[in-house]
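The primary structure of each chain is shown beneath.
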Amino acid sequence: MPPKQKSKVQPLSDQEIQQRYTGFQNEMQALAGKIGELEQEADEHSLVLTTLDEALQEEPDRKCFRLIGGVLVERTVKDVVPALQTNQEGIKKVIDNLAEQYKAKEQEFDAFKRDYNIRPVDRA
C-alpha cells in the first residue's frame, strides 16, 4: 500500500481566495452572533426561573403570565416553570451544537489559511 500523500490544494485565483476568506469570516461571525444571542436568552431564562422558584415553593397556584408566539397567556407558576426549564435545556443544547460548528469552521478556516499561506498583515 503506497504511503498517503497530502491532498494537493486546488489552485485558486487571488480573487477566489479573497472571496473564500471573506466567506469564512462571515460564517464564523454569524455563528458567534447567534451563540451570543442564545446565551443571552439562556441567561434571561435563568433569571426568570430563579425568580419563579421562590413563588413555586410558596404559592405554586399563583397567577403567572407568559408570552407565547406574541400572545400573553395566563398560567400558574407550577405550569410555567417546567416549560421554562425545558426551553432552557433546549437552548443550552443548541448553544453547544453551534459551538461545535464554530470550532469545526475555525479548524477549516485555519487549514484554508495554512494551505494558501495566508497570514494577517499588521496595519499600523
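Above this note sits the structure.
The structure contained in this document is the topic of the report that follows. (Residues numbered from 1 in each chain as written. Predicted model: local features only at pLDDT ≥ 70, side-chain atom pairs only at ≥ 80, totals over all residues. Heavy atoms only, no water.)

Remarks on the overall build of the chain
Broken down by element type, the chain carries two helices and two strands. When the helices and strands of the chain are read in sequence order from the N terminus, they spell out α-β-β-α. Its C-alpha radius of gyration of 24 Å places the chain more than 25% over the 14 Å reference for a compact globule of 124 residues. With respect to the principal axes defined by its C-alpha atoms, the chain has extents near 70 × 50 × 25 Å. For the chain, buried positions account for 22% of its 124 residues. For the chain, the share of sequence-separated contacts (at least 6 apart) that also reach a separation of at least 24 residues comes to 63%. Carbon and sulfur atoms form 49% of the exposed surface of the chain, whose accessible area is close to 10,000 Å². A distance of 8 Å separates the average location of the 18 positive side-chain charges in the chain from that of its 23 negative side-chain charges. (Helix = DSSP H or I, 4+ residues; strand = E, 2+ residues; numbered from the N terminus. Rg over C-alpha atoms; globule rule 2.2 N^0.38 Å. Buried < 20%, exposed > 50% of the residue type's maximum accessible area, 1.4 Å probe, protein only. Contact = heavy atoms within 4.5 Å. Areas by Shrake-Rupley, 256 points an atom, 1.4 Å probe, with all protein chains shown as cover. Lys, Arg positive; Asp, Glu negative; His and termini not counted. Charge placed at Lys NZ, Arg CZ, Asp CG, Glu CD.)

Side note on helix H1 (residues 14–58)
Under the 1.5 Å per step criterion, the end-to-end length of H1 is 67 Å for 45 residues, consistent within 8% with the ideal 66 Å. At Leu52, H1 shows its largest kink, close to 25°. Every buried residue belonging to H1 is among Ile17, Tyr21, Phe24, Met28, Leu31, Ile35, Leu38, Ala42, His45, Leu49, Leu52 and Ala55, and all of these are buried. Tucked into the core, H1 has its buried residues touching strand S1 (63–68) and helix H2 (77–115). (Expected span 1.5 Å × (residues − 1). Bend = angle between axes of the 7 residues up to and from the residue.)

Description of the pairing of S1
In this structure, S1 lies alongside strand S2 (residues 71–76), joined through six bridges in antiparallel fashion. Pairing of Cys64 across the sheet is with Arg75, part of S2. In this antiparallel pair of consecutive strands, S1 and S2, the connection spans two residues, and Gly69 shows a positive phi of 55°. (Pairing = 2+ DSSP bridges.)

Honestly, it's all geometry; don't read function into it.
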